[in-house]
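# Fold and contact review
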Amino acid sequence: MTLDLFGEEDLQQPTRIDRIGQQAWVLRGFALPWVEALLAALDSVLLQAPFRQMQTPGGYIMSARLSSCGDLGWTSDGLGYRYSPIDPASAAPWPKMPTTFYEIAEAAASAAGFADFLPDAGLINSYAPGAKMSLHQDKNERSYEAPIVSISLGLPAIFQFGGFQRSDPTQRISLFHGDVVVWGGVDRLRFHGVLPIKPGHHPVLGEQRINITLRKAG
Ligand code: MD6
Ligand code: FE
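A few points on the structure. All values reported here derive from a predicted model rather than from experimental measurement.

The next subject is the environment of V194. As for its placement among the helices and strands, V194 is situated in strand β14 (residues 192-194). Residue V194 is classed as buried on the basis of its relative accessible area, which comes to 5%. Separated by 67 residues in sequence, V194 and Y127 place their C-alpha atoms 9.8 Å apart. Setting aside residues no more than four positions away along its own chain, V194 makes contact with Y127, K132, M133, A157, I158, F159, Q160 and R209.

What follows is about the site of ligand 1. What surrounds ligand 1 is a group of 13 residues, the closest being Y127, D138, S150, H192 and R209. Contact distances for ligand 1 include 2.4 Å between an oxygen atom and a side-chain N or O atom of Y127. The side chain of H192 places a nitrogen or oxygen atom 2.7 Å from a nitrogen atom of ligand 1. Here ligand 1 has 340 Å² of accessible area as a free molecule, and 99% of this is covered by the chains. Comparing atom positions with the cavity grids shows ligand 1 to sit within the largest pocket. Counting only elements with at least two residues in the shell around ligand 1, the list comes to β10 (148-154), β14 and β15 (209-215). When residues of the shell around ligand 1 are assigned to their parent elements, the largest contribution, 4 residues, is made by β15. Within the shell around ligand 1, the residues separate by chemical class into 5 nonpolar, 5 polar and 3 charged.

What follows is about the sheet that holds strand β11 (residues 157-161). Taken in spatial order, the 4 strands of this open sheet run β9-β14-β11-β12, and their pairing is antiparallel. The sheet is open, and its two edges are formed by β9 (133-136) and β12 (171-175), each paired on a single side. Averaged over all pairs of adjacent strands, the angle between strand axes in this sheet comes to 20 degrees, irrespective of strand direction.

Regular strands have side chains that alternate between both faces of the sheet. Here strand β13 (residues 180-183) shows no split at all, with V180 and V182 on one side and V181 and W183 on the other all buried. Relative to β13, strand β2 (residues 24-28) runs antiparallel, the two sharing 4 bridges. By the bridge assignment, V26 is partnered in β13 with V181. Here β10 runs beside β13; their pairing, made up of 4 bridges, is antiparallel. From the neighbouring strand, I151 faces β13, where its bridge partner is V180.

Before going further, it helps to spend a moment on the coordination of the iron ion (ligand 2). Taken together, H136 (NE2), D138 (OD), D138 (OD) and H192 (NE2) make up the protein donors of the iron ion (ligand 2), found 2.1 to 2.8 Å from the metal. Classification of the site at the iron ion (ligand 2) rests on its 6 donor atoms, whose angles at the metal span 49 to 170 degrees, yielding the label irregular. Positions of the donor residues of the iron ion (ligand 2) along the chain correspond to the pattern H-x1-D-x53-H. In this pair, H136 sits in strand β9 while H192 sits in strand β14, placing the two residues 56 residues apart along the sequence.

Evaluated as defined, the whole model comprises 6 aromatic pairs. Relative to Y83, the ring of W74 lies with its centre 5.1 Å away and its plane at 65 degrees, an arrangement referred to as edge-to-face. Given a relative accessible area of 12%, W74 falls into the buried group. By relative accessible area, Y83 is classed as buried at 14%. An aromatic cluster of three or more residues is present, and its members are W74, Y81 and Y83.

Quick notes on the rules
Residues numbered from 1 in each chain as written. Chains lettered and ligands numbered in written order. Predicted model: local features only at pLDDT ≥ 70, side-chain atom pairs only at ≥ 80, totals over all residues. Heavy atoms only, no water. Helix = DSSP H or I, 4+ residues; strand = E, 2+ residues; numbered from the N terminus. Buried < 20%, exposed > 50% of the residue type's maximum accessible area, 1.4 Å probe, protein only. Contact = heavy atoms within 4.5 Å. Near = heavy atom within 4 Å. Polar contact = N/O pair within 3.5 Å; in protein donor to acceptor, adjacent residues only side chain to side chain. Areas by Shrake-Rupley, 256 points an atom, 1.4 Å probe, with all protein chains shown as cover. 1 Å grid on protein atoms, 1.4 Å probe; cavity = no way out; pocket = protein on both sides within 12 Å on 5 of 7 lines; lining within 4 Å. Sits in = over half its atoms within 2 Å of the grid points. Nonpolar A, V, L, I, M, F, W, Y, C, P; charged D, E, K, R; others polar. Pairing = 2+ DSSP bridges. Axes fitted to C-alpha atoms, helices over the stretch in contact; angles between N-to-C directions. Donors = N, O, S within 2.8 Å, 3.2 Å for Na, K, Ca; no water. Tetrahedral: all angles 85-135°; square planar, octahedral: opposite > 155°, others 65-115°. Phe/Tyr/Trp six-rings, centres within 6.5 Å; stacked < 30°, edge-to-face > 60°.

Geometry only, nothing functional implied.
As structure tokens, this is what we get:
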């Protein structure tokens, strides 16, 4: 047996954890140990299902571009939002959920107190500078029992985390490359959004922020 005194584990920063709700947590840098594998897997998903712009049910064009992977992907056609097993752009099933996505989802959920999280939908948002996400609730999933795990990559964002009414006050939380937000339980239906992304250049992702949310939708 060899003693690995200075293995990778020993060189990692301990994760900083910020609590933003009773069952909502920001795990700072949590995805960094996986980030190379994560980006490679993301490239492969995006080759099969490229980012596209979508329309809200109100007829607006969303400023963030979207793709999906897993058994269920997110579609919006002006008639409403829904999860679908088929990517309307290719008329084929969504790309498989990469192993790295499962690993991060399970590890982050578990660190936040949610055991055995097994997502079936991975939503991928790309934000160019100026793009935003208005306050919304994630409520198109069949059940709200499972948490949501959200991975931030690239340019930083200011995340708004509110209450159960759109007009409730919001916390503003900066999210950086590698940060993971996990929320569920009593906080699962809180309104949240992303303020317009500030112009900038990220050394790995360039002029872009990518957010991956892993969910149990079906
Ligand atoms: C974003 N995220 O961070 C947008 N939803 O770009 C979300 O809308 C979101 O981060 C549910 C849970 C976590 C999230
Ligand atoms: Fe959301």
